[in-house]
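Descriptive structure summary
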Amino acid sequence: MAEQHHTALDQAGRNAFECESGKRSSVNSHHYSKSVEAVSNLTAMQHRVTQEDGTEPAFRNSYWDHHEPGIYVDVVSGQPLFSSTDKYDSGTGWPSFTAPIDPDAVTVRTDASLGIARTEVRSSGADSHLGHVFADGPTHAGGRRYCMNSAALRFVPASQLVEQGYGEFSSLFDTDHDSTKGNEA
């Protein structure tokens with residue numbers, strides 16, 4: 001069933017995330033949703049990725065090799081999704097993260113569109129297609145690789161978190177975090 005939710009993977013990810021990261025936030029205290037206006041403002045690639053479950057080209061996207069400290073939000077709703085503190089170089093050509101910024105920020109479901117079962121990742125607020133999660137990430141960080149499409153994301157630099165309304169995430173960058181965690185030689 002293509003719409004089947006992966007509650008076991010989702011719950012396991014939430015438990016591991018809550019225990020290991022200590023990064024509980026109030027992502028769900030805000031109302032993030034899709035609006036007609038937001039969708040109409042998307043570029044053709046952003047629309048194809050987020051609304052039509054597309055995939056952008058590897059190595060030819062905005063964030064695959066981006067290392068500035070900050071957070072990545074849903075391009076449709078502005079919902080916080082990932083932090084640069086969890087970003088690493090997976091060698092795939094897409095931005096990869098070990099975990100979402102908050103376990104409730106994303107949902108997962110089975111995607112069999114290529115004839116094989118993969119686990120699709122969507123934003124919980126706007127239901128934007130973001131990418132897929134795989135069980136081949138850095139083992140020291142939980143073993144997951146959230147392989148995302150840059151076109152589904154908007155980057156908010158750590159220096160602009162308060163100004164752009166994401167001040168609650170400033171504490172992630174108060175110390176010297178390694179934004180390439182998991183990038184092992």
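Everything below is about the structure shown above.
All of the points below concern the structure found in this document. (Residues numbered from 1 in each chain as written. Predicted model: local features only at pLDDT ≥ 70, side-chain atom pairs only at ≥ 80, totals over all residues. Heavy atoms only, no water.)

1. A word on helix H3 (residues 44-52)
Among all positions of H3, only Gln 46, Val 49 and Thr 50 are buried. Down the axis of H3, the buried set is contained in an arc of 80°. They therefore lie on one face. Residues Ala 44 and Glu 52 are exposed on H3 and point more than 90 degrees away from its buried face. Of the surrounding elements, those touching the buried residues of H3 are strand E6 (118-123) and strand E7 (129-134). Positioned one or two residues after H3, Asp 53 has a phi angle of 60°, which is positive. (Buried < 20%, exposed > 50% of the residue type's maximum accessible area, 1.4 Å probe, protein only. Helix = DSSP H or I, 4+ residues; strand = E, 2+ residues; numbered from the N terminus. Arc of directions from axis to C-beta. Contact = heavy atoms within 4.5 Å.)

2. With respect to the sheet that holds strand E2 (residues 80-83)
One open sheet accounts for three strands, arranged E2-E1-E9; its pairing is antiparallel. The open sheet is flanked by E2 and strand E9 (153-157), the only strands paired with a single partner. With direction set aside, neighbouring strand axes in the sheet form an average angle of 30°. As defined by bridge partners, strand E1 (residues 70-74) adjoins E2 across three bridges and the pair is classed as antiparallel. The residue bridging Ile 71 from the neighbouring strand is Ser 83, located in E2. (Pairing = 2+ DSSP bridges. Axes fitted to C-alpha atoms, helices over the stretch in contact; angles between N-to-C directions.)

3. Regarding the packing of aromatic side chains
A full pass over the atoms with the stated rule returns seven aromatic pairs. One aromatic cluster is present, built from ring pairs that chain together Tyr 63, Tyr 72, Phe 82, Phe 97, Tyr 146 and Phe 155. (Phe/Tyr/Trp six-rings, centres within 6.5 Å; stacked < 30°, edge-to-face > 60°.)

By themselves these figures say nothing about function.
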